[in-house]
Amino acid sequence: MRFLATVAVASLALSGAWLGVVEAKSVSGDRVLVLVPKVEAAKLYSQFLDSLTSRGFDLSVRAATNTSVALQVDGVRIYDHAVVLSPESKKLGANLSVRDFASFVDDGGNLIVAASSELSELGRKLAARFGVEYEKRGTAVIDHVAHLRAVNDTSDHTLVAAIPSKAASPVLSEQFALAQSSPVYFKGIAHKYELSNPMLIPVLTGSRTTYSAAAASDANKSASPSISLSGKPVGLVSLFQARNNARVAFSGSTALFSDALLSHAAGANKQFTTDISQWVLQEKAVLRETAHRHYLASTGQRPEHYRISNEIVYEVDLSVYHDDAWHPYNAKDVQFEAIMLDPYIRTTLNSSESADPKTTATYHGDIKLPDRYGTFTFRVNYKRPGFSNVDVKDTVGIWPLRHDEYPRFLSAAYPYYTGSLVMAVGFLALCAVWMWSAEPKTKRAAKHKSN
């Protein structure tokens, strides 16, 4: 079956890229499982699948009903990525469950999941696991203003024209931003998303005139539909990035990836799906920490432990992956923290000269440690929407000074030193006056007279 699926994908290719030897450009692997209702249905998505093969991915197109399909064997991933284009299937592969897909993502796998108005209960539960709640079965996204207009009066108001969100700038390429006058055409089901979820990015949403309602046979006729969702909250395509940097995309439309919309001259679906797939398959916006170090500013050496109020230097090197290579990551908001339960120090690191300026950027900070001893965590926790999370931690001991390391005189104690000296001098002056001063003459005369 795997051989037949491979042959089916090869027949879809419009060029000889699939037949050539191409190295994968993803940092997380090149093995991709594609699930479709039937293997023959892959022809509907030939352009999208061709773009994956031309980028060096090893595609395995399988029918969703194939009971031999699995994501993991004995707890080990056999695929690096999975693309699910079979939203109506009640079962996927070897009875794959939501837990299987969640385990796949927890192990570092990436997912692209496309839905439709006939989304199955399995697809709903899978989306809900990642914070995406689809609308009721049979509903569709409708827009009577922004939709694909036909030459005649047969315009389909369920084929809406949407503009991607500005918050998705790390996901969308500059080439797509330049073509933003061309909309992305979408036909499918809407979903709800939570803006408060830091791991979710609504990359494509509805406009003010977009709403979700029960799909009618003739959507462009005036009616009184039961509107359940409208405006910007209408989610069309959302991205999810887990804490382990695995990535998931949820699209309410399988048609978004179809040849019919990818080849439409008036739309930007081809570039949009390319950007989405590059992001999910970790071909772009991937951050990594290549090295970090900290040492005493006075000696340039890292001791076994630091002392309170030591002046140290902290440096971290960051790179970002895009355009098939690692590049220096330039930012102005990289922060360092020294934590013992609560942050005692939080400061922004400055960019400095890197040892390898072609691939890494170095961030540097001159830091004075707190006047508090204990076990501290030196941490750079960098999380920005669309980019991989970078979390660098070092557990460091900060010791108090030894008895012979304290300064002889403390500047903060000068007022007390002065007070003690003034009291001693005053006492000695009082004693001198008392001991060496003579009695008054009137007092001595009174004594003699009484005698």
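As the structure is a computational prediction, the values presented were derived from the model and not from experiment.

**Some points on the sheet that holds strand β11 (residues 184-186)**
Across the sheet, three strands lie side by side as β9-β10-β11; this open sheet has antiparallel pairing. Each edge of the open sheet is held by one strand with a lone partner, namely β9 (147-148) and β11. Of the pairings in the sheet, the one linking β9 to strand β10 (residues 156-162) comprises two bridges and is antiparallel in character. Bridging from a neighbouring strand, histidine 147 pairs with valine 160 of β10.

**Some words on the packing of aromatic side chains**
Scanning the model with the defined rule gives twelve aromatic pairs in all. With a centroid separation of 5.2 Å and 70° between ring planes, the pair formed by phenylalanine 130 and phenylalanine 240 is classed as edge-to-face. One end of the pair, phenylalanine 130, is in the loop between α4 (121-129) and β7 (133-134); the other, phenylalanine 240, is in strand β16 (residues 235-241), and 110 residues separate them in sequence. Look at phenylalanine 240 and you get buried, because its relative accessible area is 8%. When the centroid spacing of 5.8 Å and the interplanar angle of 45° are considered together, the rings of phenylalanine 130 and phenylalanine 250 count as tilted. You can see phenylalanine 130 sitting in the loop between α4 and β7 and its partner phenylalanine 250 sitting in strand β17 (residues 247-251), a full 120 residues away along the chain. Like phenylalanine 250, phenylalanine 130 is buried. Aromatic ring contacts, followed pair by pair, group Tyr306, Tyr314, Phe336 and Phe378 into a single cluster. Directly above the aromatic system of tryptophan 326 lies the positively charged group of arginine 288, at a separation of 3.8 Å from the ring centroid. Sitting above the plane of the tyrosine 382 ring, arginine 384 keeps its charged end 4.4 Å from the centroid.

**Some points on the sheet that holds strand β15 (residues 229-230)**
Pairing in this open sheet of three strands is antiparallel, and the strands run β8-β14-β15 from one edge to the other. Lying at the two open borders of the sheet, with one neighbouring strand each, are β8 (139-143) and β15. Note that β8 and strand β14 (residues 210-214) share five bridges and pair antiparallel. Bridge assignment links alanine 140 to a residue of β14, and that residue is alanine 213.

Rules of the game
- Residues numbered from 1 in each chain as written.
- Predicted model: local features only at pLDDT ≥ 70, side-chain atom pairs only at ≥ 80, totals over all residues.
- Heavy atoms only, no water.
- Pairing = 2+ DSSP bridges.
- Helix = DSSP H or I, 4+ residues; strand = E, 2+ residues; numbered from the N terminus.
- Phe/Tyr/Trp six-rings, centres within 6.5 Å; stacked < 30°, edge-to-face > 60°.
- Buried < 20%, exposed > 50% of the residue type's maximum accessible area, 1.4 Å probe, protein only.
- Lys NZ or Arg CZ within 6 Å of the ring centre and 35° of its normal.

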